[in-house]
Amino acid sequence: MRARSNGGAMSTSAARELTLAGPGATVVLGRELAAALAPATAGVLCLSGHLGAGKTTLVKGLAEGLGVAEAREVTSPTFLRVVRFEGSPSLVHVDAYRMSGPDDVVELGLDEDLAGGAVVALEWPEIVAAALPADRLEVALAHVDESARNVRISAHGAASSAWLDRLGELA
Amino acid sequence: MLVLGIDSSCDETTAALVRDGTECLSSVVATQTELHRRFGGVVPEIACRAHVENYPWAIAEALSRAGVTLDDVDGVAVTNRPGLVNALLVGVAAAKAIAFARDLPLVGVDHIAAHIHASFLAPGGAPAFPCVALVVSGGHTSLYHLPSPTEQRLLGATLDDAAGEAFDKVARLLGLPYPGGPSIESAARGGDPTALNLPRSRPKGDGFDFSFSGLKTAVLYRAFGQDMKPGDAPGRTPVVPVADVAASFQKAVVDVLVKRTLQAAKHTGVREVVIGGGVAANTQLRERLATKGAAAGYRVVIPPRELCTDNAAMVAVSGWFRLAAGERDGLDLDCHPRPIRATPHG
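Once a new chain begins, its residue numbering starts again from 1 and follows that chain's sequence as written. Chain A is the first chain written and ligand 1 is the first ligand written, with later ones labelled in order. In view of the model being predicted, local features appear only for residues whose pLDDT reaches at least 70, and side-chain atom pairs are presented and counted only at 80 or more, with totals across whole chains, interfaces and linings using the full set of residues. Each side-chain value is worked out from all heavy atoms of the structure, with water and hydrogens disregarded.

Caption draft 1: View of the overall build of chain B. In terms of helices and strands, chain B carries 10 helices and 10 strands. In chain B, which comprises 346 residues, the share counted as buried stands at 58%. Contact definition: two residues touch when any of their heavy atoms are within 4.5 Å. In chain B, once contacts between residues fewer than 6 apart in sequence are set aside, the share between residues at least 24 apart is 72%. The Shrake-Rupley method, run with a 1.4 Å probe, gives the accessible areas here. Residue values count only the displayed protein chains as cover. Just so you have it, chain B exposes about 13,300 Å², and 52% of that area is on carbon and sulfur atoms. Only DSSP runs of H or I covering at least 4 residues are called helices, and only runs of E covering at least 2 are called strands; the numbering of each starts at the N terminus. The buried label goes to any residue with under 20% of its type's maximum accessible area, the exposed label to any with over 50%, and the partly exposed label to all in between, with areas taken from a 1.4 Å probe on protein chains only.

Now the structure itself:
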């Protein structure tokens, strides 16, 4: 993984931009995000990007890095909308693709998880934007070509900024 | 033994009555469309709330269509895994209430095992064991070796998207309606299945895993050109005719599913192959597996289309195996989001 630039233009907090050569690099970034989480034991990671951008691939790496025993079973949660992996910390993999709006987050009982009860990795955050906590790490994946992806990670809030800083120390 | 089956693991609320695991008396599927039709109003999108409104009607309708009452029922089977827990809870609570009120035995059923057990209601007769089963739907794509009707050994599963989900997402890229399975199948008619050169990806390792995420991305770039920005795809005209894209994509999925299933059958030395799940309603998949399987010397058991998509008749069959063996679950029966994972071979 190669950092191209560290942007600072956003009003919120720091941001980092990277280029990922392929799915393997996306998994590695997921593992690094997991490694950078400690000492925190909870956090919200919002993953945006179009179909095939690598959102689920990144969560696979995140689960591996968090030591989730069933990391291999991390697959797209689109159909079920929520898949929970119990552990310490627990990982809650959410996909808002088939949700109608922020109310569904409450309907699905995700409010406690989002309030610091677990590591939440949420795909298609724009669909449920109003239900997201102020403190969150946003990962935007964009197609460069069929295999390469550009990723922009931005922190909103103190805990997420510290998470992003620790990620920077790892890279 | 007459078993009432109930399933609320995802979008549909379903109830069915099956006698002795082989004779389906009724199978009711309450979709959100059904709810909309009956109440004439706007329906909440999230399944849990819809299930609460749907299940009393679904169960009453299943009893009525079967021409029986709860007095005739000998046991209750309900899906308690895998699925959306909040949705599963509705069916499980309903099943517990009926079992408690009527003093009937209750058993929990694995939804994926139930998809395999739908084959017991196939017109050509139940499968013989051992067999290999492919469960392929919007949420699952898994291959199992079944030494007996009640033992499932996982041979492999998708590492990313389920095949049915790939159909839904490619349909969206092409601007075709949801659900993607039927709309791709219909758009593919008359299309050239060799128009696009699409990958038949095989994950690393010697197992029987699947991967469909790369196929979805390949369709995007082959259909819309290399300078494509994915967000622009829906509504844009592909550089290749939609019928050709749909036919090429459908063939790529079917090729992989059929090939891997027959490889698994050869590997395990079985003589019978079973298929289940919503994608098993796809005509190309049914025909190709039947033809290729028969050519390789296998008996291929394919349930009727309406028992491939989510239904409770398969749950009643699955539950009947447990009930007939004297197994019972208590009123503390729990729900689980993920399937029971038997250790993969090797």
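Now that the structure is up, let's keep going.
Caption draft 2: Molecular detail of the side chain of Lys216(B). Within the secondary structure layout, Lys216(B) lies in helix α7 (residues 213–224). You can call Lys216(B) buried: its relative accessible area is 6%. Excluding residues that lie within four positions of it along the chain, Lys216(B) makes contacts with Leu51(A), Gly52(A), Asp161(B), Lys169(B), Val170(B) and Leu173(B).

Caption draft 3: Focus on unusual backbone geometry. With an omega of -20 degrees, the peptide bond between Arg81(B) and Pro82(B) qualifies as cis. Mapped onto the fold, Pro82(B) is located in the loop between β4 (75–81) and α3 (85–102). With an omega of 5 degrees, the peptide bond between Phe129(B) and Pro130(B) qualifies as cis. Mapping Pro130(B) onto the fold places it in the loop between α4 (111–117) and β6 (131–136). A positive phi angle, near 80 degrees, is found at Arg81(A), a position not held by glycine. Within the secondary structure layout, Arg81(A) lies in the loop between α2 (55–66) and β4 (82–85). Overall, the relative accessible area of 2% leaves Arg81(A) in the buried class.

Caption draft 4: A look at the interface of chain B and chain A. Listed as interface residues are 36 residues of chain B and, on the opposing side, 30 residues of chain A. A 1.4 Å probe defines the accessible area here, and the buried area is the portion of it lost by two parts on being joined, summed over both. A buried area of about 3,000 Å², summed over both sides, lies between chain B and chain A, and 54% of it is on carbon and sulfur atoms. Just to be clear on terms, a salt bridge is a Lys or Arg side-chain nitrogen sitting within 4 Å of an Asp or Glu carboxyl oxygen. Joining chain B to chain A, the criterion identifies four salt bridges. Under the rule applied, a polar contact is a pair of N or O atoms within 3.5 Å (in protein, one hydrogen donor and one hydrogen acceptor; residues adjacent in sequence only if both atoms are side-chain atoms). In this structure, the connection of chain B to chain A is made through 13 residue pairs in polar contact (both at pLDDT 80 or more). Those elements giving two or more residues to the side of chain B that touches chain A turn out to be α2 (47–66), α5 (163–173) and α7 of chain B. Here the element with the most residues in the side of chain B that touches chain A is α7(B); it accounts for six residues. Gly falls in the polar group here, along with every residue not listed as nonpolar (Ala, Val, Leu, Ile, Met, Phe, Trp, Tyr, Cys, Pro) or charged (Asp, Glu, Lys, Arg). Residue classes in the side of chain B that touches chain A are distributed as 13 nonpolar, nine polar and 14 charged.

Caption draft 5: The arrangement of the pattern of salt bridges in detail. Residue and element names in this part refer to chain A. Inspection of every chain in the model, using the stated rule, returns 19 salt bridges over all chains. Between Arg-84 and Asp-113 there is a salt bridge; the shortest N-O distance is 2.8 Å. Highlighted residues: Arg-84 in strand β4 and Asp-113 in helix α4 (residues 111–117), separated in sequence by 29 residues. Of the residues examined, Asp-113 reaches a relative accessible area of 8% and is grouped as buried.

Caption draft 6: Just the packing of α5(B) against helix α6 (residues 180–188) of chain B, in detail. All names here are of chain B. For helices, the axis comes from a line fit to the C-alpha atoms of the stretch in contact; other axes are also lines fit to C-alpha atoms, and the angle between any two N-to-C directions lies between 0 and 180 degrees. At a closest axis distance of 8 Å, the pairing of α5 and α6 adopts a crossing angle of 60 degrees. Classified by the angle between their axes, α5 and α6 sit oblique to one another. The two elements α5 and α6 cross, and the hand of that crossing is left-handed. Residues Phe-167, Asp-168, Val-170 and Ala-171 of α5 form the contact with α6, whose participating residues are Gly-180, Gly-181, Ser-183 and Ile-184. A breakdown of the residues in the contact of α5 with α6 according to their chemical character gives four nonpolar, three polar and one charged. By definition in this entry, angles of less than 35 degrees are roughly parallel, angles greater than 145 are roughly antiparallel, angles of 65 to 115 are roughly perpendicular, and the rest are oblique. Should the near helix be turned counterclockwise from the far one by less than a right angle, the crossing is left-handed, whereas a clockwise turn marks it as right-handed.

Caption draft 7: Local environment of the nonpolar core. Buried Ala, Val, Leu, Ile, Met, Phe, Trp, Tyr and Cys residues form a nonpolar core when they are joined through side-chain atoms within 4.5 Å. One finds Leu110(A), Phe212(B), Phe249(B) and Leu257(B) to be the most contacted residues of the largest nonpolar core, which totals 74 residues. Element by element, the count of residues in this core is highest for helix α8 (residues 242–268) of chain B, at 13 residues. Each of domain 1 (2–117 + 309–324) and domain 2 (123–302) of chain B gives at least three residues to this core. Those residues in contact with Leu110(A) that sit more than four places away from it in its chain are Val82(A), Arg84(A), Val92(A), Val94(A), Met99(A) and Val105(A). Counting 34 residues, the second-largest nonpolar core is a separate cluster that includes Ala34(A), Phe85(A), Val139(A) and Trp163(A). What counts as a domain boundary in this text is fixed by an automatic or database domain assignment.

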